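Single-letter residue listing:
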Amino acid sequence: MQKKIKSALISVYNKEGLQPIISLLQQQNITIYSTGGTQKFIEENGGKCIPVESLTSYPSILGGRVKTLHPVVFGGFLGRRDVENDLKEMQQYKIPEIDLVVVDLYPFEETVRTTNDEKAIIEKIDIGGPSMIRAAAKNFQSVVVIADKNDYRKLENILSDSGAATSLEERKELAAKAFDVCSRYDIAISNYFNETDFINPFQTEKKVLRYGENPHQAGLFIGNINEIFEQLNGKELSYNNLVDIDAALQLMSEFKNDDSQKITFIIFKHTNACGVAQRQSAAEAFTGSLAGDPESAFGGVLICNSTIDKKTADLMKDLFFEVLIAPSFDEDALTVLQSKKNRIILKLKMFPGKRQQSRTLLNGLLVQDNDKGNYSEWKEEGGKNATEQEKEDLIFANLICKHLKSNAIAIVKNKQLLGKGCGQTSRVDALRQAIAKANQFEFDLQNAVVASDAFFPFDDCVKIAHAAGITAFVQPGGSIRDKDSIEYCKENNLAMAITGMRHFKH
C-alpha cells in the first residue's frame with residue numbers, strides 16, 4: 001500500500017548529508033518538525049520547520065536530556081491511521097500525524113573509543129533517539145523511519161522519484177534496519193558497563209559465503225573483513241579460509257612485538273600450525289616452516305610478519321596454498337604470486353583487537369576472555385636449568401603449543417617446529433604423533449625441546465621424549481603426580497620448566 005509522506009520529524013546529531021533531504025522535503029511541501037541543533041541547521045540552510053517545543057509547550061530541559069519525550073510527539077509516531085479511536089484521540093489532543101522520522105543516535109561507541117572520561121561517555125547514551133526510532137519502526141504500517149545516514153540516498157530517491165510515496169515493503173525494510181540500529185546501540189552500552197566486547201551482529205556488514213564448512217551448509221560472515229585486510233589477489237574467501245585465517249592471526253599475534261628482530265613464518269592447516277620457523281629473512285623462515293611438514297602445507301594458509309620479497313615468492317610460487325598473509329609485498333614478489341589467479345593474497349592492515357571469544361552452543365552463548373600470555377612463572381624444576389638456547393626454544397614451543405588443539409605437544413629445535421601432536425584424546429598419543437611427524441621428515445631430535453599445553457599426568461611422556469633425544473620440557477604443572485615427571489628429569493639431567501599457566505584449546 002503506497003502512502004505519501006506529508007510531515008516529517010528530523011533530529012540528528014550528525015548533520016552530514018542532511019541538506020539535500022531538507023531541500024527535497026521543501027520542494028514536496030512536506031511539513032518539517034525539528035528541535036535544537038537540527039532546527040538551527042535547517043533554518044541556517046534556508047529551510048522552514050516547526051519547533052517541537054511548539055507542540056509540547058515544553059522547552060529542551062535538563063541540559064538537553066529531555067527534548068522530545070512527550071505524548072504529543074510519540075502520539076504522532078504511534079497513532080494508527082486505520083484505527084478510528086486513535087484518530088479521534090489524536091484530533092482531541094492536537095497530535096499531528098508524523099509520516100517520516102529521520103533520527104540518528106549520539107556517537108556512544110566513538111566516544112568510548114576516544115576517551116576514558118566516564119561522564120562524557122554517559123552523556124552520549126541517547127534516550128530520546130532510540131525511543132523515537134523504535135516508536136516509528138513499530139508503526140511501519142504508516143511511518144517511514146530513517147535511522148542510518150547510509151539510507152539517506154534511498155530517502156532522496158523516495159522523495160525525488162516516487163513523489164514522496166512509499167510502499168509497505170519499503171517501510172517494513174527500513175523498520176527492520178532501524179531496530180538493528182537500536183540493538184547495536186544497546187549492545188554497545190551493555191558491553192561498556194559489563195566491560196565486555198561481544199561481537200554485535202546488528203547493523204554490521206553481512207557477507208553471504210559460497211557455503212559453510214561443507215557444501216550443503218549455508219554460510220555467512222558478519223563483520224567488516226576490510227578493516228583487517230586488503231585483498232590483492234584471488235577468489236572470494238570461503239568459510240574454511242576465514243576460520244584458518246583467524247587461527248593464523250591468533251598465533252602470529254604472539255610474535256608481532258617480538259624483540260628478537262627475527263622473521264616468523266607459519267603454515268596452517270585446519271586451524272593448527274603444521275610449520276613454524278623464525279629466521280633472519282623471510283626466505284629462510286619460509287624454508288624452515290615448510291620443512292616442518294611439507295605434506296600438510298599443501299592447500300594451507302601461510303602467514304609472515306615481514307615483507308614478502310621476490311626471493312621468498314620464488315620459493316613458494318610452485319606450492320599450492322589457499323592464502324598468503326603478510327603486512328607488505330614487494331612489487332616484483334606480487335607479480336610472481338599473482339600468476340595464479342585463485343591464490344588469495346592478503347595484505348594485513350591490523351590484528352583484530354578482540355578481548356574475548358564466543359561460540360554458540362546448546363541454547364545459549366559461551367563467552368570467555370582470550371588466552372593471554374605465555375607463562376605466569378618460570379620454575380626450573382628438572383635436573384638442570386635450561387640452557388639459553390633451550391629456554392628460547394621452550395618459550396617458542398610453548399607459544400606454538402598454546403595454539404594447537406588439545407591435547408597438544410610441540411617439539412622445537414632452533415626456533416623451528418619439528419613435530420606436533422594435536423587434537424588427541426591422551427597426552428602420550430599427542431607426543432607419539434609429534435615424534436612420528438619429526439621422524440617422518442628425518443629431523444634430528446637430539447637436544448630438541450617439548451612443550452605441553454597441560455600437565456603430564458604420568459612420567460611416560462618424559463621417558464618417551466627422552467628416548468627420542470629431547471633434553472628440555474615446559475609444562476604448566478598442576479598434576480598430583482608432577483613429582484614423577486620432575487624426578488625422572490632430575491635423575492636424567494633433563495631441564496623442566498613449570499609455568500603455572502595451562503593452555504587448553506578445544
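Preceding block: the structure.
Here is what the cut-offs are and how they apply
- Each chain has its residues counted from 1, following the order in which its sequence is written.
- Totals for whole chains, interfaces and linings use all residues, but because this is a predicted model, local features are given only for residues with pLDDT of at least 70 and pairs of side-chain atoms are given and counted only at 80 or more.
- Hydrogens and water are ignored here; the side-chain numbers use all heavy atoms of the structure.
- Here a strand is any run of E in DSSP of at least two residues, a helix any run of H or I of at least four, and the numbering for each starts at the N terminus.
- As a reference, a globule follows 2.2 Å times the number of residues to the power 0.38, and the radius of gyration itself is taken over C-alpha atoms.
- Should any heavy atoms of two residues lie within 4.5 Å, those residues are considered in contact.
- For every accessible area listed, the method is Shrake-Rupley and the probe measures 1.4 Å; residues are considered covered only by the protein chains on display.
- By the counting scheme adopted, Arg and Lys are positive, Glu and Asp are negative, and His together with the chain ends is not counted.
- Lys charges are placed at NZ, Arg charges at CZ, Asp charges at CG and Glu charges at CD.
- Partly exposed describes any residue whose relative accessible area lies between the buried limit of under 20% and the exposed limit of over 50%, with all areas from a 1.4 Å probe on protein chains only and scaled to the type maximum.
- The criterion for strand pairing is that DSSP finds at least two bridges linking the strands in question.
- Patch building starts from residues that exceed 30% relative accessible area and form no salt bridge, then joins like charges within 9 Å and nonpolar side chains (Val, Leu, Ile, Met, Phe, Trp, Tyr) within 5 Å.
- The working definition used for a salt bridge is a side-chain nitrogen of Lys or Arg within 4 Å of a carboxyl oxygen of Asp or Glu.
- A pair of Phe, Tyr and Trp rings is counted when the ring centres sit within 6.5 Å of each other, with Trp represented by its six-membered ring. The angle between the planes then sorts it: under 30 degrees is stacked, over 60 is edge-to-face, the rest tilted.
- Each axis is a line fitted through C-alpha atoms, and for a helix only the stretch in contact is used; angles between axes span 0 to 180 degrees, taken between their N-to-C directions.
- Oblique is the label for any angle not under 35 degrees, not over 145, and not in the 65 to 115 range, which are roughly parallel, roughly antiparallel and roughly perpendicular in turn.
- With the far helix as reference, a near helix turned anticlockwise by less than a right angle produces a left-handed crossing, and one turned clockwise produces a right-handed crossing.
- Polarity classes work like this: nonpolar for Ala, Val, Leu, Ile, Met, Phe, Trp, Tyr, Cys and Pro, charged for Asp, Glu, Lys and Arg, and polar for all others, with Gly in that last group.
- Of the two site types, the cavity is a set of points on a 1 Å grid over the protein atoms alone where a 1.4 Å probe fits but cannot get out, and the pocket is an open set with protein on both sides within 12 Å along at least five of seven lines, each lined by residues with an atom within 4 Å of a point.
- Grid points are joined across faces, edges and corners, and a volume is the space filled by probe spheres set on the points.

This paragraph deals with the overall build of the chain. What the chain contains, in helices and strands, is 18 helices and 23 strands. On C-alpha atoms alone, the chain measures out to a radius of gyration of 31 Å, which is more than a quarter above the 23 Å that the 2.2 N^0.38 rule sets for 506 residues. Summarising its shape, the C-alpha atoms of the chain cover approximately 95 × 55 × 40 Å along the three principal directions. In the chain, of all internal contacts separated by at least 6 residues, the share reaching a separation of at least 24 is 57%. Surface summary for the chain: the accessible area is close to 24800 Å², and the carbon and sulfur share equals 49%. Positive and negative side-chain charges of the chain, numbering 61 and 67 respectively, have mean locations separated by a distance of 3 Å.

A word on the pairing of strand 12 (residues 272-279). With seven of eight residues buried, strand 12 is to be regarded as a mostly interior element. Pairing of strand 11 (residues 263-269) with strand 12, which is carried by seven bridges, proceeds in the antiparallel orientation. If you follow Ile266 over to strand 12, its bridge partner there is Val276.

Among the surface-exposed residues, Val208, Leu220 and Ile222 lie close enough to one another that they form a single nonpolar patch of about 260 Å² accessible area. With respect to the secondary-structure elements, Leu220 resides in strand 9 (residues 220-222).

Right, let's get into the packing of aromatic side chains. Tallying each qualifying case throughout the model produces ten aromatic pairs. Measuring from ring centre to ring centre gives 4.9 Å for Tyr375 and Trp378, while their planes differ by 65°; the resulting arrangement is edge-to-face. A residue is classified by how much of its surface remains accessible, and Tyr375, at 33% relative accessible area, is partly exposed. For Trp378, a relative accessible area of 18% gives the class buried. Through pairs of rings, three or more aromatic residues link up here, namely Phe108, Tyr185, Tyr192 and Phe193.

Attention shifts here to the pairing of strand 11. Counting buried positions over the seven residues of strand 11 gives six, a clear majority of the element. A loop of two residues connects strand 11 with strand 12, the two strands running antiparallel in sequence, and His270 in this loop sits at a positive phi of about 50°. Pairing of strand 11 with strand 13 (residues 300-304) involves four bridges; the strand directions are antiparallel. Its bridge partner lying in strand 13, Ile266 is registered against Ile303.

The next point concerns the packing of helix 8 (residues 128-138) against helix 10 (residues 168-194). Packing of helix 8 against helix 10 brings their axes to within 9 Å, and their N-to-C directions diverge by 150°. As summarised for this structure, helix 8 and helix 10 are arranged roughly antiparallel, according to the angle between their axes. Regarding helix 8 and helix 10, the two cross each other, and that crossing is left-handed. Side by side, helix 8 and helix 10 meet where Pro130, Ile133, Arg134, Ala137 and Lys138 of the first sit next to Ala175, Ala178, Phe179, Cys182 and Tyr185 of the second. Tallied by class, the residues present in the contact of helix 8 with helix 10 amount to eight nonpolar, no polar and two charged.

This part covers unusual backbone geometry. If a residue is not glycine, its phi is most likely negative; likewise, a peptide bond is most likely trans. Residue Ser406 is joined to Asn407 through a cis peptide bond whose omega torsion reads -10°. Position of Asn407 relative to the elements: it lies in the loop between helix 15 (388-402) and strand 19 (409-412). Residues other than glycine seldom take positive phi values, yet Asn493 does so here, at roughly 55°. Among the structural elements, Asn493 can be located in the loop between helix 18 (482-491) and strand 23 (495-498).

Turning to empty space enclosed by the protein, a few remarks are in order. Enumeration according to the criterion identifies one cavity of 30 Å³ or more in this entry. Approximately 30 Å³ is the volume attributed to the largest cavity. Ranked by residue count, the leading element in the lining of the largest cavity is strand 20 (residues 417-421), at four residues. Here the residues of the lining of the largest cavity sort into three nonpolar, two polar and three charged.

For the structure shown, the criterion picks out 21 salt bridges. Residues Lys379 and Glu377 are paired through a salt bridge, measuring 3.9 Å at the closest nitrogen-oxygen approach. Here Lys379 falls in the partly exposed class, since its relative accessible area comes to 41%. The class of Glu377 is partly exposed, set by a relative accessible area of 30%.

The six strands are arranged 10-15-14-13-11-12 in an open sheet whose pairing can be described as mixed. Each of the sheet's edge strands pairs with one partner strand only, and the pair in question is strand 10 (229-233) and strand 12. Each strand of the sheet is rotated relative to its neighbour by a mean of 20°, with strand direction disregarded. Against the sheet, helix 12 (residues 282-292) makes contact with strand 11, strand 12 and strand 13, and its axis sits at roughly 35° relative to strand 11, the strand it touches most.

None of this, on its own, says anything about what the molecule does.
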